[in-house]
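Single-letter residue listing:
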Amino acid sequence: MSIYEIHSLISESKAISAANPQKSYTLAEKALKKSKELKDRKLEADSLLQMTYACRVMSDYAKCFTLVYEALDIYESLGNKFGILKAKNLIGIIYFYFGSYSEALDNFIVASELIESYPDPK
């Protein structure tokens, strides 16, 4: 499987995550497996993050934490600011769902600081 095909799996997973989170999770899990086979750490983290989004829709917050922190570790090891930003934002959202507002705010602040330093205006 090529990098392009893994990107396609992740994109398809994103497109259906709200309507069919279980299938979204399965597609992202397949992308994760293929990313590991190719030893592409960025795609591995992207796959984990997409799995987290699917788990969020399914309200499986314990699994969300496991997956998103694993993705965050990879993004940090790669120095990928945009990935860190996405992971920190999602961590903040999950903490917010749990009512842990202080932890949520801490993660939102980190994400906000990263986005301000990010050159892409989108």
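Quick note: structure is the one above.
Here is what the cut-offs are and how they apply
- Residues numbered from 1 in each chain as written.
- Predicted model: local features only at pLDDT ≥ 70, side-chain atom pairs only at ≥ 80, totals over all residues.
- Heavy atoms only, no water.
- Helix = DSSP H or I, 4+ residues; strand = E, 2+ residues; numbered from the N terminus.
- Contact = heavy atoms within 4.5 Å.
- Core = buried A, V, L, I, M, F, W, Y, C linked by side-chain atoms within 4.5 Å.
- Buried < 20%, exposed > 50% of the residue type's maximum accessible area, 1.4 Å probe, protein only.
- 1 Å grid on protein atoms, 1.4 Å probe; cavity = no way out; pocket = protein on both sides within 12 Å on 5 of 7 lines; lining within 4 Å.
- Points joined across faces, edges and corners; volume = space filled by probe spheres on them.
- Nonpolar A, V, L, I, M, F, W, Y, C, P; charged D, E, K, R; others polar.
- Lys, Arg positive; Asp, Glu negative; His and termini not counted.
- Salt bridge = Lys/Arg side-chain N within 4 Å of Asp/Glu carboxyl O.
- Polar contact = N/O pair within 3.5 Å; in protein donor to acceptor, adjacent residues only side chain to side chain.
- Phe/Tyr/Trp six-rings, centres within 6.5 Å; stacked < 30°, edge-to-face > 60°.

> Give me the environment of Lys34: which residues, what numbers.
Following the sequence through the fold, Lys34 ends up in helix α2 (residues 21-38). Taking the C-alpha atoms as reference, Lys34 lies 6.9 Å from Met1; in sequence the two are 33 residues apart. Contacts of Lys34, omitting those with residues within four sequence positions, involve Met1 and Ile6.

> Any chance you could break down the nonpolar core for me, citing the residues and the numbers?
Leu48, Leu49, Met51, Val68 and Tyr75 are the most contacted members of the largest nonpolar core, which totals 25 residues. Looking at this core, the elements with two or more residues in it are α2, α3 (41-57), α4 (61-78) and α5 (81-98). With 8 residues, the top contributor of residues to this core is α4. In this structure Tyr75 touches Ala45, Asp46, Leu49, Asn80, Gly83, Ile84 and Ala87, once residues within four positions along its chain are discounted. Counting 6 residues, the second-largest nonpolar core is a separate cluster that includes Ile6, Leu9, Ala31 and Leu43.

> Provide a residue-level description of the layout of surface pockets, including the pertinent values.
The space that makes up the largest pocket amounts to roughly 210 Å³. Forming the walls of the largest pocket are His7, Ile10, Ser11, Lys14, Lys42, Asp46, Leu49, Gln50, Tyr53, Tyr75 and Lys86. Elements with a contribution of two residues or more to the lining of the largest pocket: α1 (3-16) and α3. Residue composition of the lining of the largest pocket, grouped by class: 4 nonpolar, 3 polar and 4 charged.

> Go over the environment of Ser47 with me, naming the residues and quoting the values.
Within the element layout of this structure, Ser47 appears in helix α3. Residues Ser47 and Lys30, spaced 17 residues apart in sequence, show a C-alpha to C-alpha distance of 8.5 Å.

> Outline the side chain of Asp40, listing residues and values.
Relative to the helices and strands, Asp40 is located in the loop between α2 and α3. An unpaired buried charge is present at Asp40: no salt bridge exists, and Lys42, the closest side chain of opposite charge, is 7.1 Å distant. Looking at Asp40, its side chain comes within polar contact range of the main-chain nitrogen of Lys42, at 3.2 Å. Side-chain polar atoms of Asp40 contact the backbone nitrogen of Leu43, separated by 3.0 Å.

> Got a sec to walk through the packing of aromatic side chains? Specific residues and values, please.
Two aromatic rings, taken as a pair, are described by how far apart their centres are and by the angle between their planes. In the structure shown here, the tally under the stated rule is 6 aromatic pairs. Judged by centre distance (4.9 Å) and plane angle (55 degrees), the rings of Phe65 and Tyr95 are tilted. In this pair, Phe65 sits in helix α4 while Tyr95 sits in helix α5, placing the two residues 30 residues apart along the sequence. Aromatic pair Phe96 and Tyr101: ring centres 5.2 Å apart, planes at 65 degrees, arrangement edge-to-face. On the basis of relative accessibility, which here comes to 44%, the residue Phe96 falls in the partly exposed class. Each residue in the set Tyr61, Phe65, Tyr69, Tyr95, Tyr97 and Phe98 is aromatic and connected to the rest through ring pairs, giving one cluster.

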